[in-house]
Structures are given as C-alpha cells and as structure tokens.
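# Coordinates in review
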Amino acid sequence: MKKLTRGLLTILLLAFMVQAKADNKPQIKIASGTITVVAEGKEIVQIDSICFNFIKPDRMKVISKDQDAVKLLLEFDDVMGRSTPTTEDKEVELIIETKGSTVHFMAEPKWTNSFCIYLKDLGGHYFGLRETLFPDNLKSPDLRGNTYDVELKAEHSRYYENCASVFSAFYFNSLGYASFVDTYSYGRYELAINGRSKIYHTTKKLDWYIFTGSAKEIYKSYYEIIGKPKYVPEWACGPIAWRDDHKQGAKQIIEDAEKFSELEIPLTGMFVDRPYSNGANAWSKMDFNAKFANPEQWIKELNDKYDLEFMTWIAPATWGDKDFPGRLAGGFGYFDLTNPKAVEEWTKRMTQNQYVYGVKGHKMDRADEYFPVAEGWHDKTSMAARYNKYGYLYSKITDQMLNKHWGDDNFNFARAAFHRAQPHLSAVWGGDVRTSWEGMASNLANAMRCSFMGFPNWGTDVGGYFGKGMIPENLFMRWLQFGAYTGFYEIKIDGAGGAAPDRAPWNCSEELQKEFKRICEVRMQMMPYIYSYLNNAHKNGALMKPLAMVYPKDEQTYSIWSEYLFGDAFLVAPILTVKNSRNVYLPEGEWISMLDGKTYKGKQHISVTAEMNEIPVFIRMGSIYVQGNTTIGNQKLWREDNEQLDVYFYPQRNEEFHLIEDKQDKVLKGSKTDNEIILEIPEMKHNGTINVFSKVKPKKVTVNGKRVRYKYNVERMFIQIAYKKNNTYEFQITL
C-alpha cells in the first residue's frame, strides 16, 4: 500500500448519512474526513479528528453501515513503537451506534495508551466536569474558553469552598447535547479555544456517548447508562442537625435533640462528626469511645423518643493504625477498596460497631486528599484511573455495607465523588465551606456545577464549616433559607473543630430562633415534593436545576449561578449578601412571586427585596406541586397527628407531577383551555385541599361529574376544593 504523507493525505470517503427512524433520533454524517452529529436538523457536534497516542489517522474508511450503526477503519502510517525506533502501520476499528437519542462511539485498540477528540467550535457553551470554582474562583458555570482537568483531587485553600471534590467526564452543552466519556482515567478538556475543543483521556478504550434532546431527555439517557440514582428515604429529606465536635459526647447529642424539641424546631435526623471513636485520629477502630458509651441506649432514645434517625462520620483510612488488612502505603493508611480482605474487614467493623446499634447512614469524608496514587492496587487498576475510581469505589462499598444491613432505608453523602457513583450515593455536600457571605455564595455556585454533572442531590454546610461558631445572625438566617431549598438540608450548629461559642438556636436571639423554626417548618411542608423529585431523578435530573440547563437557548442564562429551578415548579433566588435586595432574572414564561403574589412576564431582570424572614421564590405558571407535613420527626412531641397533603396547580397547558408515596409513582395530571381547567388526582394516602390558581372566579366546578361547592380565595386567587384520601378524582372547572 502506497504511503500517504500526513497532512497532505486525501480522504478516500464518500459522504453518507445514517438515517433516523424517528424524528428525535440523531443522524451521523461523514464527509471530507469529519464526523458530524445532527439533531432536529441542526449540527450539534462536528468531529474533525479522533487521534490515538496523539496521532491523527491518515485515512478513514467505511467498513459497513446501516440505519443504526456505522463501522469505520482508521488507518495510521509509520507509527513509532514505544520501545523501538522502527515504525509500522496501525489500524483502529471505530464503531458509531445510534440508539434512541444517544450516539455511542466505541474503539479499543491494543497499541494505544490515550485518545484525543478534536471538535470544531460551533458556538455552544459548556457546563459540568468539576464542582470546584476553577479557574480563579469563577462562579459562572459557563466553562467556555478554559481548560479543565478531570481528576478527583482535593483543593484545600485555593478556592472559597474548600475541598468541593466532585468530578465527572460529563459536560452539558447549550446546543442541545451532553458528552460523557465512560472512563475513570485522567482527562483534560480544552473548551472552545482557538476555534476548537479537545477531549483527552489517558486510556486506550474510547467509550464516548453523546446524549441529545431536552435536558430531561439527556439526563434520562445518561442514567440509563450509569444506573438509576440511589433511593433517598423520607427522613433524609427533612432538617438534619450536627456538630463538628460533640465535646460532651452522647450526652450533648441527646441534649441537642431535647433543646430543638423544646423550641419546637422540627428535625428528622442528626449525625456525629469525628472525633467519636477509639484508635488513630479518633476513628481507626470505627466504634464509639467512652464519651459515646452504650450507643444501643442513646441511639434508641433518639429513635423512640424523638423519632430521629442517626448517622456517623466515616473515612476509608486508618491514619497509621496497621491493625487493618489491605491498606495502601502512606500516612493516611487508605484502604485498598479493590482488596476483598479490606472490604470484608471494613464491613465487619461497621456492622458490629455501628449498624447493630441503629446507625443508618454516613458522612463520607476524605478520599480526595493525600492519596497514594503510585501504590499498586489489588485489582491492578492503572495509575491514570486511581484518583477517580477510588471516589467511585468509596461510594459503592459504603452503599453495599449499608444496604446489606438496612436495605434501602439508609443515606450516605460525600464531598468527593466521581461519575457512576450516583446509584450508590444519596447526596454530595459542597465541601468544607468558609463561614462567610462569600463562602455561602460560592457554595451555591458549586451546586450548579454538580447539577450539570448529573448529581441529583446536593447540600451545603448551613452556617459554614471553616470559621467561628457564632456568626452574624443575618448570615445564618440567609443560609438557613438557602439550605431549605437544597436537596440535603444539613445544619451545622458549632464552629470548625467545635469552636465556641456555638450557633445553636438557643444561644441566639429570639428573632433568629423564630426564623430557624419557621424555615424548618417550611422545609417539612416541602418534604413530599423534595422526596418525589429526588426519587424521580432518573427521569427528571437534578433537583436544583441551573437556568442554562432548562433554558439552553437563552444566552442570558449561561453565566447565572445565583438562582435555580427547584424541581419544575419553583425558581429560587437566595439572598447572598448583607443587602436585603438582589437582581433576579426570570426566564421565558410567567412567574408568580411568593413574596407578594405578583405575576411577572419572563425574559426580564427584576429587582427584588426580601425582609430577613423572606427568601425570593417564584412559582412557574404551568406547574403542579404538593405540600404537606406528612413526616413527623421530633414534631410528634408537640404536634397533633393531622397529616395532610395539599395540591397546587398553576394551569397553562398540559402539566404533570409525579408524586412518590410508599415508593409508588402516582401521576397528577392537569390541563387548561380558554374556558376549562381539568385536574386528575390518583389515590393518595392523605386528605387535603386542591388549590387551583385562577384570576377569575369559576362559573362551575364538578368533581367526578357532579357539581360541588368550592371556595374562591380572592387574595391568593385560588379555587379550593377538599379531597379525601384513597379516592381518585377528576376536577373540572368551567371559567
């Protein structure tokens, strides 16, 4: 075969297209040496070349093609051997498959160690890849014009959030697609620099997905590949309190539960951070030390008297304690999580020392710092994959330990995580954030990046981690409000290392106590909504949705980090400075302010003022949601058992809400025409009230075909009708 000079080669290829069976199925065009993905008639990805070992192929030939797949042969001339000066010709077989709205690229040549994908810059904006505010504490989620490493390493003091360590080889693009490289190996992404983007990973296996469609379609396709996100129990959706250091041991945990209850501040759980165990770093024995003696008694008291679930801090290391098999070298003494002996011993200790006493979950710390990457692993994982794979294994094995004892009634949350952890990880939290206004604001920016990466549940250390215990009360109030509209609501009541004086509400003013109580009550009302969204994440994506994710065609959303959609019904814009006002961007549609009830047209910026007991929240027209206090927690000590679930419908066209009750998916459906509103309600296990937004009083309301009485709330513009549990309903409203 005649050699062709690289750079002057002629592409021996006729243009063709893999035709789509359905309108939403992407098409693959190959012409003049480029591969283009077309969705809905628009070019969204153009691949100029796919290189292996940084070598561009000299020729690309079609081996076979049909409507679902094409097989290409990439030919390389005069490739230099790794340990010899001689050269030889090489080949790579590349398969491109289309299934539904997903395009899958596959190749695994034995002679390579890495691949690069060069993409033409088509003007799209990029989001995802890493939680850290890289570069330069940049809060904007828009990654365009920068280079990013995808490797799970802690950033201790470089950024405001500190150790926000979630990474993924997944990015979302405003052109209507997402890219996912299914590997744990190190990656580097150069995004829209000098007219092109580059995806690089240190692995011979190319396993690359392009997901197309709406945001919900994209994340649904993604979870079909990596697995359904982990189930979140109801109790983990409420307020959860903790300290960095319970200096008085178990006695202080019980006293905190008692004092929260005396103030009638609702909680559903608590957890203990290190130190609480015996051994090196107050942890290596993984038991309860003398300050926390008799855990079977005080954990049972939390469960029985206060109806609170309990969790503990863990780490996959022994800090030099050699009494543990399968440890890696280094001062931390990390476990080799591929070593069956290490996993067996860890499971044994956690079960015998914690689970049998009632521990139902874990704060998963570390795994992202001082990691001995050069130390060999039991399963021979390559060095290039160790940082990232360890974060995944940490989640997977912790999940397995908990599930073995508790089934799915458990909760684990980590600061360090990598893709494919989602089926094994209940939530991530935004690292050891600084106790300041800037720290809180930065942590919200972290949340937006996590959502783009497909981590559906995120929480912040409410009140901050690094800093004093007692903080300005206006900062604490605003953080409590912001935290109530996150997936995981964990509230820290002391300073770093237990620094005093602490910020437990009973040490604060009556004004703060009042707001603490009010916002926790709001959270309790939101629990059915939050629980339903988190456990439908495989269909809906993240609970906290960045505006650019939902409105990718709106260029004004690309740099927005300080507001987000909470599910589909709410736009939340927390107050993040000492001022009681802020600018809010409302995307397309109609929005109703929960502060004053005013209706606003979308695609505009507005100025909003919120008093200290208020947070700017807007309801999206065209949404259905539920509210109701259906999970008790410590409220059973003062609240009568009058559980109810209220339904709210803001009609626009055709809407749905998927309510999860007893793990069953129950669909509420609504529709609207010019003169009629219909709402269909399935059987639900609580009584409640239907609230339908209407600016005019209806002429007639029927329920299951029978005319009924109703209330019309003029102030809130609600048509209100009571409903009874365990019945199905069709509400028909004539306007």
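Below, the structure is looked at part by part.

Thresholds, definitions, all that
Residues numbered from 1 in each chain as written. Predicted model: local features only at pLDDT ≥ 70, side-chain atom pairs only at ≥ 80, totals over all residues. Heavy atoms only, no water. Pairing = 2+ DSSP bridges. Helix = DSSP H or I, 4+ residues; strand = E, 2+ residues; numbered from the N terminus. Salt bridge = Lys/Arg side-chain N within 4 Å of Asp/Glu carboxyl O. Buried < 20%, exposed > 50% of the residue type's maximum accessible area, 1.4 Å probe, protein only. Expected span 1.5 Å × (residues − 1). Phe/Tyr/Trp six-rings, centres within 6.5 Å; stacked < 30°, edge-to-face > 60°. Lys NZ or Arg CZ within 6 Å of the ring centre and 35° of its normal. Axes fitted to C-alpha atoms, helices over the stretch in contact; angles between N-to-C directions. Parallel < 35°, antiparallel > 145°, perpendicular 65-115°, else oblique. Contact = heavy atoms within 4.5 Å. Nonpolar A, V, L, I, M, F, W, Y, C, P; charged D, E, K, R; others polar.

A sheet is described by the order of its strands in space; here six strands give the open sequence β36-β37-β38-β44-β40-β41, paired in antiparallel fashion. Two strands bound the open sheet, and with one partner strand each, they are β36 (654-661) and β41 (706-707). The pairing of strand β40 (residues 700-703) with strand β44 (residues 729-734) spans four bridges and is classified as antiparallel. Following the sheet pairing, V701 is matched in β44 by I733.

With that settled, the discussion passes to the pattern of salt bridges. Should the charged atoms of two oppositely charged side chains come close, the side chains can pair. In total, this model carries 42 salt bridges according to the counting rule given. Two residues, E258 and K305, come together in a salt bridge whose shortest N-O distance is 3.5 Å. In this pair, E258 is assigned in helix α2 (residues 250-262) and K305 in helix α3 (residues 295-306), connecting sequence segments 47 residues apart. Look at K305 and you get partly exposed, because its relative accessible area is 37%. Among the ionic pairs, K666 bridges to E661, the shortest N-O distance being 2.8 Å.

Counted at 1.5 Å a residue, the expected span for helix α5 (residues 386-406) with its 21 residues is 30 Å, and the 29 Å between its end C-alpha atoms agrees. Across the 21 residues of α5, 15 count as buried, placing the element largely inside the fold.

Let us look at the packing of aromatic side chains. If you walk through the whole model with that rule in mind, you get 73 aromatic pairs. Look at W298 and F310: their rings are 5.1 Å apart centre to centre, the planes differ by 85°, and that puts the pair in the edge-to-face class. Of this pair, W298 sits in helix α3 while F310 sits in strand β19 (residues 309-314); the two residues are twelve residues apart in sequence, bridging distant segments of the chain. With a relative accessible area of 6%, W298 lands in the buried category. In this structure F310 comes out as buried when scored by relative accessible area, which is 0%. Sitting above the plane of the F134 ring, R130 keeps its charged end 4.7 Å from the centroid. Its guanidinium or amino end placed over the ring of W242, K492 lies 5.5 Å from that ring's centre, counting from NZ or CZ.

Following both chains from N to C, one finds α2 and α3 inclined at 10°, their axes separated by 10 Å at the closest point. Between α2 and α3, the angle falls in the class roughly parallel. Every residue of α3 that contacts α2 at A250, I253, I254, A257, E258 and S261 is listed here: W298, E301, L302, K305 and Y306. Here the contact of α2 with α3 is composed, by residue class, of seven nonpolar, one polar and three charged.

In short, the description is geometric, and any link to function would need to be established separately.
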